[in-house]
Amino acid sequence: MSILFINGSPNKGGMTARIAYALLQGKEFAMLNIIDYQINCYGQNLKGDQFDEVLNRIKGADVIVIGSPVYWHNICGSIRNLLDRFYGRVNEGELSGKKLYFIIQGAAPEQWMLDASEYTMKRFAQLYGLEYMGMANDENSAYALNENM
């Protein structure tokens, strides 16, 4: 089973990664720091875009863990941008058979912020055929999800 952790935080070793390490404790995984890739905005056709490279890494994994800090009450822009780029490039159900875990964290996110972010990830999973496995927003919830991974 291959696991890919996509870290949306500009702080590569910050809390998003720390929660991912708790979720993935005892597992081998690859980490992709989205900040290291140029992912153009939906509708742009600019030189140097690396969306296809990231998409190929996602397609090659059995389990995808997407991690995001909370910015402006929701998923950070780098992850939102990545999700936006799927539209029109990836067919509905194309990622069937893969599992998706979601990490979201912030200093003091309110429940509605977590709910809104999770709703987005559940809809993303549903559209592209991923099995949504749950959300962790702290190390304790990550350890709990780890038990079922």
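Everything discussed here concerns the structure shown above.
Residues numbered from 1 in each chain as written. Predicted model: local features only at pLDDT ≥ 70, side-chain atom pairs only at ≥ 80, totals over all residues. Heavy atoms only, no water.

A.B. asks: Which residues make up the pattern of salt bridges, and what values go with them?
C.D. replies: Here the structure, examined in full by the defined rule, presents five salt bridges. Residue Arg85 is joined to Asp49 by a salt bridge in which the shortest nitrogen-to-oxygen separation is 2.9 Å. Here Arg85, found in helix H3 (residues 77-86), pairs with Asp49, found in the loop between strand S2 (30-33) and helix H2 (51-59); they are 36 residues apart in sequence, far enough to count as distant. (Salt bridge = Lys/Arg side-chain N within 4 Å of Asp/Glu carboxyl O. Helix = DSSP H or I, 4+ residues; strand = E, 2+ residues; numbered from the N terminus.)

A.B. asks: Go over the nonpolar core, please, and point to the residues and values.
C.D. replies: Of all hydrophobic cores here, the largest spans 34 residues; its most connected members are Ile6, Ile66, Phe86, Leu100, Met121 and Phe124. Mapped onto this core, the elements with two or more residues apiece are strand S1 (3-7), H2, strand S3 (63-71), H3, strand S5 (99-105), helix H4 (111-128) and strand S6 (131-136). Element by element, the count of residues in this core is highest for H4, at six residues. If sequence neighbours within four positions are ignored, Met121 has contacts with Ile66, Ile75, Leu83, Leu100, Phe102 and Tyr132. By size, the runner-up hydrophobic cluster in this structure holds 15 residues, among which are Ala17, Ala22, Val63 and Leu145. (Core = buried A, V, L, I, M, F, W, Y, C linked by side-chain atoms within 4.5 Å. Buried < 20%, exposed > 50% of the residue type's maximum accessible area, 1.4 Å probe, protein only. Contact = heavy atoms within 4.5 Å.)

A.B. asks: Go over the packing of aromatic side chains, please, and point to the residues and values.
C.D. replies: The final tally for this structure, using the stated rule, is six aromatic pairs. Arranged with centres 5.8 Å apart and planes meeting at 65°, the rings of Tyr42 and Tyr87 form a pair that is edge-to-face. Placement of the pair is Tyr42 in the loop between S2 and H2 and Tyr87 in the loop between H3 and S5, with a sequence separation of 45 residues. In this structure an aromatic cluster arises from ring pairing among Phe51, Phe86, Phe124 and Tyr128. (Phe/Tyr/Trp six-rings, centres within 6.5 Å; stacked < 30°, edge-to-face > 60°.)

Any link to function would need more than the numbers given here.
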